[in-house]
Amino acid sequence: MLRRVELAFALLLCVLSLASTPARAAHELLQVFITQPYLELHTGPGRGYPVSQVVARGDSVDVLFRRTDWIKVRTERGLEGWASVRELTLASLADGSNLKVSMGDRAGFASHHWESGVYAGAYAGATLIAGYSALSLTDNLKIEVGVSQFLGNVSNGYIAEIGLAHVFIPDWRVSPLVTVGTGFEHVSPKVLLVQPADRDDQLAYVGVGARVYLARRFFFRGEYREYVVFTRTNANEVNEEWRLGFGFFY
Amino acid sequence: METRIRLLLLSGVMLACSGCATMHWPWHHPKPDQQSQTVDISTAGDDNSPPPSVVEPQVERRTITVPQIKAKNLEIGGYYGEISIQDFGAQPVAGARIDYHITEDFFFEGTYGRAKGGKTSFEELSGNVQLLSDAERRFTYYNVSLGYNLLPGEVFIGHSLAMTSALYMIGGIGEVTFAGDENFAINFGAGFRVLPTDWLALHIDVQDLVFRSDDIGFEQLKNNLQATIGASVFFW
């Protein structure tokens, strides 16, 4: 079994390396002109890496690619180095306008296209691990898709859900939100004297919570939800859930 | 005598030049007639004549598309190593990882790994006793972690090769399936990442997967240390 995994791993690496290299040649590069007195180029994408060269005012650099808050550039002399995004936004394009690069700030927290995050929490007394992604229809309204797994003493299970989230005042650092949605739950009871069968049920939920802007692209999000599981028995099951986690927007 | 010859030659050259200038060469395009222009101007003020036409430029403005800056923050790859499954011996482990670098300091990581538990000391010594079936010995896990690049730096090989690197701390939550049971697990550890090229990263990781289990009859906290090496590729 492990032999097969090793082979698959080697194959995956080959495919990945092949897939990543030709794209470099076909990509058209952006040229920016330095308008500040000089632009410092570091040896690596981080504030601690030493400055290896500077580009003078009036010279241009070709933008190769971005990694987090650093951009790899190539000078007119063909030397490569890493420039801080913050410094490079002072440079101008060929038409004289400034280079614009999204850094992630409070404005981005209020208005963005996508966000994703992971949670930990408790669902009906079981430990919960959850992840979600949301597409913004407007700054207030988002479509959310999530999956979660709960691990308890009595049963384990999964939930897949889709819903809407309404953020009341997205400009606020602490912005309250409400959620509503539906999904499916799969429950596997643990070994008991009387062994019940696995269950698949539809469910619906409503929730209330808040998201708190931390820094850059990060935010903290907490939520309390009430789930109604539409079981095949006469009575529906009502489960409480709370979840806390980190998210980032892009 | 010489002066006369020079004068004669110069006169000849001048005549030839003026003659060339008056000739209509095939590549010569005459300018618009000066007289017709003056007529146009003189009739421009006449009320009966149509207003002078404004020259409409036929050149369309070019739309300049600024190339997008490619972001390479996503890292996908695999790893292979050894995991010490508590009570069930050290076994090979293989897995896949996906990392998203959010800032130069922080990154998210998701991993999925699998191994197969060996025999306990009791099983080894007592002969034919089997605590778990083959299927139950399968050890699979996933976890979602947050990493922090604690010591970013560079690795130097020889005189001319420098590679960026980072020693990072990582911790997260996840699930371990072992002995026919799914368990909530936490993971924490440290790793070292070095980038020989801009798109390739090599990893050395040591992590502990901790979960509660009663697989050998009583509940206990199980520590499963794993050491792996891996490689991954940076994407968009």
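Residues numbered from 1 in each chain as written. Chains lettered and ligands numbered in written order. Predicted model: local features only at pLDDT ≥ 70, side-chain atom pairs only at ≥ 80, totals over all residues.

**Topic: the overall build of chain B**
Selection criterion: A run of H or I in DSSP counts as a helix once it spans at least four residues, and a run of E counts as a strand once it spans at least two, with each numbered from the N terminus. Once C-beta atoms are placed from the backbone, each residue is buried if 20 or more other C-beta atoms lie within 10 Å of its own, exposed if 12 or fewer, and partly exposed for counts between those two. Residues are scored as being in contact if the C-beta atoms we place from backbone atoms lie within 7 Å.
For chain B, the helix and strand inventory stands at three helices and eight strands. The order of helices and strands in chain B, counted from the N terminus, is α-α-β-β-β-α-β-β-β-β-β. The buried share of chain B, reckoned over its 236 residues, is 30%. Within chain B, contacts between residues at least 6 apart in sequence are counted, and of these 55% link residues at least 24 apart.

**Some points on the interface of chain B and chain A**
With 36 residues of chain B at the contact, the number on the chain A side is 42 residues. Every element with two or more residues in the side of chain B that touches chain A is listed here: strand 1 (74-85), strand 2 (89-101), strand 3 (106-116), strand 4 (138-157), strand 5 (161-178), strand 6 (181-195) and strand 8 (220-235) of chain B. For the side of chain B that touches chain A, the element with the most residues is strand 5 of chain B, which contributes five residues.

**Observations concerning unusual backbone geometry**
Residue and element names in this part refer to chain A. The backbone phi angle of Thr 68 is positive, close to 50 degrees, even though this residue is not glycine. The class of Thr 68 is buried, set by 22 C-beta atoms lying within 10 Å. A positive phi angle, close to 50 degrees, is found at Ala 124, a residue other than glycine. Here Ala 124 is to be found in the loop between strand 7 (114-123) and strand 8 (126-136).

**Remarks on the sheet that holds strand 13 (residues 218-230) of chain A**
All names here are of chain A. The condition is simple: Each pair of strands is called paired provided DSSP finds at least two bridges between the two strands. Axis lines are fitted to C-alpha atoms, over the contacting stretch for helices. Their N-to-C directions set the angle, which ranges from 0 to 180 degrees.
Spatially, 7-8-9-10-11-12-13-14 is the arrangement adopted by the eight strands of the closed barrel, whose pairing is antiparallel. The average undirected angle you get between the axes of adjacent strands in this sheet is 25 degrees. Note that strand 9 (residues 141-151) and strand 10 (residues 155-167) share 11 bridges and pair antiparallel. The partner of Phe 150 across the bridge, within strand 10, is Gly 157.

**Points about the pairing of strand 4 (residues 60-67) of chain A**
The side chains of a regular strand alternate, residue by residue, between the two faces of the sheet. Residue and element names in this part refer to chain A. Sheet analysis places strand 1 (residues 30-33) next to strand 4, joined by four bridges and oriented antiparallel. Bridge pairing in strand 4 links Leu 30 to Val 63. As judged from the six bridges shared by strand 4 and strand 5 (residues 70-75), these two strands associate in the antiparallel manner. When the bridges of strand 5 are listed, Arg 67 appears paired with Trp 70. Between the end of strand 4 and the start of strand 5, which pair antiparallel, lie two residues, with Thr 68 showing a positive phi angle near 50 degrees.

**Side note on the environment of Thr43(A)**
Looking at where Thr43(A) falls in the secondary structure, it is placed in the loop between strand 2 (38-42) and strand 3 (51-56). Judged by local crowding, Thr43(A) falls into the partly exposed class, with 17 C-beta atoms found within 10 Å. Each C-alpha atom, one on Thr43(A) and one on Val32(A), is 20 Å from the other, the two residues being 11 residues apart in sequence. Among all residues touching Thr43(A), those that are not within four sequence positions of it are Tyr49(A), Pro50(A), Ser52(A), Gly81(A), Glu154(B) and Ala162(B).

**What to know about the environment of Ala204(A)**
Counting through the fold element by element, Ala204(A) comes out in strand 12 (residues 199-215). Sequence separation between Ala204(A) and Leu164(A) is 40 residues; the distance between their C-alpha atoms is 12 Å.

**Comments concerning the confidence of the model for chain A**
All names here are of chain A. To keep things clear, this is the line we draw: Known as pLDDT, the predictor's per-residue confidence is scaled from 0 to 100.
This prediction gives chain A a mean pLDDT of 87; 87% of its residues lie at or above 70. Within chain A, the lowest mean pLDDT, 46, falls on helix 2 (residues 22-26), and the highest, 96, falls on strand 2. Overall, residues 18-25 carries pLDDT values under 50, and its contacts beyond four positions in sequence, including any with other chains, amount to three contacts.

**What to know about the confidence of the model for chain B**
Interpretation of the predicted coordinates at a detailed level should be avoided for regions scoring low in pLDDT. Residue and element names in this part refer to chain B. A residue-level look at chain B finds 82% of positions with pLDDT of 70 or above and a mean pLDDT of 83. Taken element by element, the predicted model of chain B shows its lowest mean pLDDT in helix 2 (residues 34-44) (46) and its highest in strand 1 (96). Note on residues 33-45: pLDDT under 50 across the span, and three contacts to partners over four residues away in sequence or across chains.

**Quick look at the sheet that holds strand 7 (residues 200-213) of chain B**
Each strand in a sheet pairs with another by means of backbone hydrogen bonds, the pair being arranged parallel or else antiparallel. Residues and elements named next belong to chain B. In spatial order, the strands read 1-2-3-4-5-6-7-8; together these eight strands close into a barrel with antiparallel pairing. Going from strand to strand, the sheet's axes swing by 25 degrees on average, the running direction of each strand aside. Bridging between strand 4 and strand 5 involves 17 bridges; their strand directions are antiparallel. The residue bridging Ser 145 from the neighbouring strand is Gly 172, located in strand 5.

**Digging into the nonpolar core**
Soluble, globular proteins show a tendency: their nonpolar side chains are buried together. Cut-off, in case you're wondering: For our purposes the nonpolar core covers buried Ala, Val, Leu, Ile, Met, Phe, Trp, Tyr and Cys residues that link as a set through C-beta atoms within 7 Å.
Residues Leu128(A), Ala130(A), Val176(B) and Ala185(B) are the most contacted members of the largest nonpolar core, which totals 31 residues. If you tally residues by element for this core, the top one is strand 8 of chain A, at six residues. By size, the runner-up hydrophobic cluster in this structure holds 14 residues, among which are Ile34(A), Val55(A), Ile71(A) and Val73(A).

**Some points on the pairing of strand 7 of chain B**
Residues and elements named next belong to chain B. Bridging between strand 6 and strand 7 involves 10 bridges; their strand directions are antiparallel. Each residue of the ladder has a partner; that of Asn 187, found in strand 7, is Leu 209. Counted between consecutive antiparallel strands, the loop separating strand 6 from strand 7 contains four residues. Of the pairings in the sheet, the one linking strand 7 to strand 8 comprises 14 bridges and is antiparallel in character.

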